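Structural overview
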Amino acid sequence: MKKSLLLSAVALAALTAKAEVVDYDFNTNPAFFTLLYSEEYEYGPWSGEYDLIDKYGMDVNTSGTMFCEKDLEGNWVAIPNYAIDLVDGQTYNLKADDMEELDYSHPFLCWDQDGVGPSRVHYFNGWNNTEVYEDKDYGAASEDDFIASKGALGFLRQGNNAARTGTWVQFPEFKDPAKVTVWMCNQGGDYHEKGLYCEITPVINGEALEAIPVEGPSDYVAKRYYKVETTLPATVKGNVALRVGCGGSQVQLVHVSIASADEAGIEGIIMDADNANAPVYNMFGVKVDDSYKGVVIKNGKKFIRK
């Protein structure tokens, strides 16, 4: 990865961390998703589409890391605690003794720890256009739903994958998020029984809160994307990372926008002060005791225990 690209991504992430609204576009905002735009990869997005995680749980575009393995009965099972940094393409085993710290100012792709996920994750290029609304496949469902984008990140459900739930993108921490708007699509096919659906999970001080369902219209049309707004609970306050994931569905994310309380027209929320007795978590939101070694999170701050 070119150093200049990485520095620009970090700088932009730092600037937007204090913004009232931040947009993540899978087409026109490459500094947040440098990996998706790099010309260094053979299967780059300008060739159409490619896997970030393929149907066998392999990272095919960077190191070729396997994220699934076969058990004694020959079934594919997920290896927990892996992540792909969407800025620099690095992969991480978050439980390894020699793990590197994952930069939380970057968005990253990951899945749950308890054996679910990863879904197959695909980058799609060539959705409709960035100029005007058109009524056609991979376009907006209406003019009100239209967003200027030609890219989407798809969580696909493949029968020979380890599991088909729990895969998500975690976005950098945002101060007092109050509203999340997602533009999402279901392309139909064999795995569309859950409808037009995704989940948003707030992460505070390393602790993942209850997932918030985000459902599109029940009469949605496959291969059309819809704009769906979700107001977060009042308990979501302070510096919050947000996971937007598939929740077991087959969904394509076209655009994600996060707004603060002021911007969303919701009464402001005051962040909690640091607490010396606050619980300590590892990088996946699991509470740990004093014997745990590695990167830990307390009061929203990261430390390394050796």
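The structure displayed is predicted, hence computed values, not measured ones.

Quick look at the pairing of strand β15 (residues 212–215)
Here β15 shows a clear split, with Ile 212 and Val 214 buried on one side and none of Pro 213 and Glu 215 buried on the other. With four bridges joining them, strand β13 (residues 197–204) and β15 adopt antiparallel strand pairing. Bridging from a neighbouring strand, Ile 200 pairs with Ile 212 of β15.

A short note on the nonpolar core
Membership of the largest hydrophobic core comes to 46 residues, with the highest contact counts inside it found for Leu 52, Val 182, Met 184 and Ile 258. Counting residues per element, this core draws most heavily on strand β18 (residues 251–260), which supplies four residues. With ten residues, the next largest nonpolar core counts Ala 152, Leu 156, Cys 185 and Tyr 225 among its residues.

Remarks on the confidence of the model for the protein
For the protein, per-residue confidence averages 76 on the pLDDT scale, and 71% of positions sit at 70 or higher. A low-confidence stretch, residues 42–46 (pLDDT under 50), is modelled with twelve contacts involving residues beyond four sequence positions or located in other chains. Low pLDDT, under 50, characterises residues 266–273; the predicted model gives this stretch 17 contacts beyond four residues in sequence or across chains.

A short note on unusual backbone geometry
The phi angle at Tyr 138 is positive, at roughly 60 degrees, despite the residue not being glycine. Among the structural elements, Tyr 138 can be located in the loop between β8 (120–125) and β9 (139–140). Located in the positive-phi region is Asp 176, a residue other than glycine, with phi close to 50 degrees. Structurally, the position occupied by Asp 176 is in the loop between β11 (167–175) and β12 (177–185). Assessed through its relative accessible area of 7%, Asp 176 is described here as buried.

Concerning the packing of aromatic side chains
A complete count under the given rule lists seven aromatic pairs for this structure. Members of the aromatic cluster, connected to one another through ring pairs, are Tyr 24, Phe 26, Phe 33 and Phe 171. Sitting above the plane of the Trp 168 ring, Arg 243 keeps its charged end 4.1 Å from the centroid.

Quick notes on the environment of His 106
Take His 106: it is sitting in the loop between β6 (91–93) and β7 (108–111). By relative accessible area, which is 4% here, His 106 ends up buried. Separated by 21 residues in the primary sequence, His 106 and Asp 85 have C-alpha atoms spaced 6.8 Å apart. A polar atom in the side chain of His 106 sits 2.8 Å from the side chain of Asp 85.

A short note on the side chain of Asp 145
Here Asp 145 is to be found in the loop between β9 and β10 (151–156). For the buried Asp 145, which has no salt bridge, the nearest side chain bearing the opposite charge is Lys 227, at an N-O separation of 7.2 Å. Contact partners of Asp 145, with chain neighbours within four places excluded, come to Ala 140, Trp 183, Tyr 225, Tyr 226 and Lys 227.

Quick look at the pairing of β18
Counting buried residues in β18 gives ten out of ten residues, a clear majority hidden from the surface. Of the pairings in the sheet, the one linking strand β1 (residues 21–25) to β18 comprises five bridges and is antiparallel in character. Across the sheet, the residue bridging to Tyr 24 is Val 256, located in β18. Judged from the three bridges that link them, β10 and β18 form a sheet pairing that is antiparallel. Bridge pairing links Phe 155 to Val 251 in β18. Where β12 and β18 come together, eight bridges link them in antiparallel fashion. From the neighbouring strand, Trp 183 faces β18, where its bridge partner is His 255.

Section: the environment of Ala 222
Following the sequence through the fold, Ala 222 ends up in the loop between β15 and β16 (224–231). On the basis of relative accessible area, Ala 222 is assigned to the partly exposed category, the value being 32%. Distance in space between the C-alpha atoms of Ala 222 and Asp 137 is 8.3 Å, their sequence separation being 85 residues. Beyond its immediate chain neighbours, meaning those up to four positions away, Ala 222 contacts Asn 186, Gln 187 and Gly 188.

So, the side chain of Thr 181
For Thr 181, the location among the structural elements is in strand β12. With residues near it in sequence (within four places) discarded, Thr 181 still touches Lys 227, Val 228, Glu 229, His 255, Val 256 and Ser 257.

So, the pattern of salt bridges
Following the criterion strictly, the structure yields five salt bridges and no others. Put simply, Arg 224 and Asp 137 hold a salt bridge, and the shortest N to O gap is 3.1 Å. Taken together, the residues Arg 224 in strand β16 and Asp 137 in the loop between β8 and β9 connect sequence positions 87 residues apart. Note on Arg 224: relative accessible area 16%, which makes it buried.

What counts and what doesn't
Residues numbered from 1 in each chain as written. Predicted model: local features only at pLDDT ≥ 70, side-chain atom pairs only at ≥ 80, totals over all residues. Heavy atoms only, no water. Buried < 20%, exposed > 50% of the residue type's maximum accessible area, 1.4 Å probe, protein only. Helix = DSSP H or I, 4+ residues; strand = E, 2+ residues; numbered from the N terminus. Pairing = 2+ DSSP bridges. Core = buried A, V, L, I, M, F, W, Y, C linked by side-chain atoms within 4.5 Å. pLDDT = per-residue confidence, 0-100. Contact = heavy atoms within 4.5 Å. Phe/Tyr/Trp six-rings, centres within 6.5 Å; stacked < 30°, edge-to-face > 60°. Lys NZ or Arg CZ within 6 Å of the ring centre and 35° of its normal. Polar contact = N/O pair within 3.5 Å; in protein donor to acceptor, adjacent residues only side chain to side chain. Lys, Arg positive; Asp, Glu negative; His and termini not counted. Salt bridge = Lys/Arg side-chain N within 4 Å of Asp/Glu carboxyl O.

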